[in-house]
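Secondary and tertiary structure notes
In case you want the letters, here they are:
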Amino acid sequence: MPQWHSGVNQLGGVYVNGRPLPDSTRQKIVELAHSGARPCDISRILQVSNGCVSKILGRYYETGSIKPRAIGGSKPRVATSCVVTKIADYKRECPSIFAWEIRDRLLSEGVCNNDTIPSVSPFDYYLL
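Being a predicted model, the structure only gives us computed values, none of them experimental. (Residues numbered from 1 in each chain as written. Predicted model: local features only at pLDDT ≥ 70, side-chain atom pairs only at ≥ 80, totals over all residues. Heavy atoms only, no water.)

**Considerations on the nonpolar core**
Short version of the rule: For our purposes a nonpolar core is just a set of buried Ala, Val, Leu, Ile, Met, Phe, Trp, Tyr and Cys residues, chained together by side-chain atoms within 4.5 Å. The buried label applies to any residue whose accessible area, calculated with a 1.4 Å probe on protein chains only, is under 20% of its type's maximum; exposed applies above 50%, and partly exposed to all values in between. Segments assigned H or I by DSSP are reported as helices when at least four residues long, segments assigned E as strands when at least two residues long, and all are numbered from the N terminus.
Counting residues in hydrophobic clusters, the biggest one holds eleven residues: Ile29, Val30, Ala33, Ile42, Leu46, Val48, Val53, Ile56, Leu57, Tyr60 and Ile66. For this core, the secondary structure elements donating two or more residues are α1 (23–34), α2 (39–46) and α3 (50–63). With four residues, α3 is the largest single contributor of residues to this core. If you look at the next biggest cluster of nonpolar residues, it comprises eight residues, including Tyr90, Ile97, Leu106 and Ile117.

Spelled out as C-alpha cells, the structure:
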C-alpha cells in the first residue's frame with residue numbers, strides 16, 4: 001500500500017485518487033476468484049469496493065489482462081488478416097469461445113506476442 005494516499009474507502013482500504021489499483025492487488029483479485037471466492041468476499045478480504053472487484057474481473061474475463069486500460073494516448077492495435085483468419089478458425093472450432101481464450105491461444109500458438117496481440121472485445125470477435 002502506498003504511504004501517500006488520497007483517502008480511505010468504506011472498507012478501510014487506502015487508495016490514490018485517479019490512479020489504478022496496483023497490479024499486485026489486481027492479481028490477488030483474480031487469484032481469489034479462481035480459487036472460488038465470491039466478489040463480495042474478495043472485496044472484504046482486500047478492502048476494495050465491490051464495483052472495483054467486478055470491473056477488474058470483468059476486464060480479466062473479457063481480455064485475459066489484469067492491466068488497467070490506458071488513460072488517453074495511443075490507438076488500439078488492429079488485427080492483421082492473419083490474426084483475423086485465426087480468430088475465425090477458433091470461432092468455427094468452438095463458437096462459444098471467450099475473448100480471453102482467443103487471446104491466450106493467439107499468444108500460446110505464436111500467432112501474436114504481447115506487443116502485437118489485438119484487444120479482442122466480445123463485440124469485435126462475434127462479428128467474424
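**With respect to the environment of Pro39**
Threshold: Contacts between residues were defined by any pair of non-hydrogen atoms, one from each residue, lying within 4.5 Å.
Looking at the element boundaries, Pro39 is found in helix α2. If near-sequence neighbours (up to four positions away) are discounted, Pro39 is found in contact with Asn50, Val53 and Leu57.

**Some details on the pattern of salt bridges**
Rules: Note on definitions: salt bridges are taken to be side-chain nitrogens of Lys or Arg within 4 Å of carboxyl oxygens of Asp or Glu.
Tallying each qualifying case throughout the model produces seven salt bridges. A salt bridge links Lys67 to Asp23, with the shortest nitrogen-to-oxygen separation between them at 2.5 Å. Taken as a pair, Lys67 in the loop between α3 and α4 (81–93) and Asp23 in helix α1 lie far apart in primary sequence, 44 residues in all. We classify Lys67 as partly exposed; its relative accessible area is 44%. Asp23 sits in the partly exposed class, given a relative accessible area of 30%. Three or more residues joined by partner-sharing salt bridges are found here, namely Lys86, Glu93, Arg105 and Glu109.

Read these as spatial facts, not as claims about activity.
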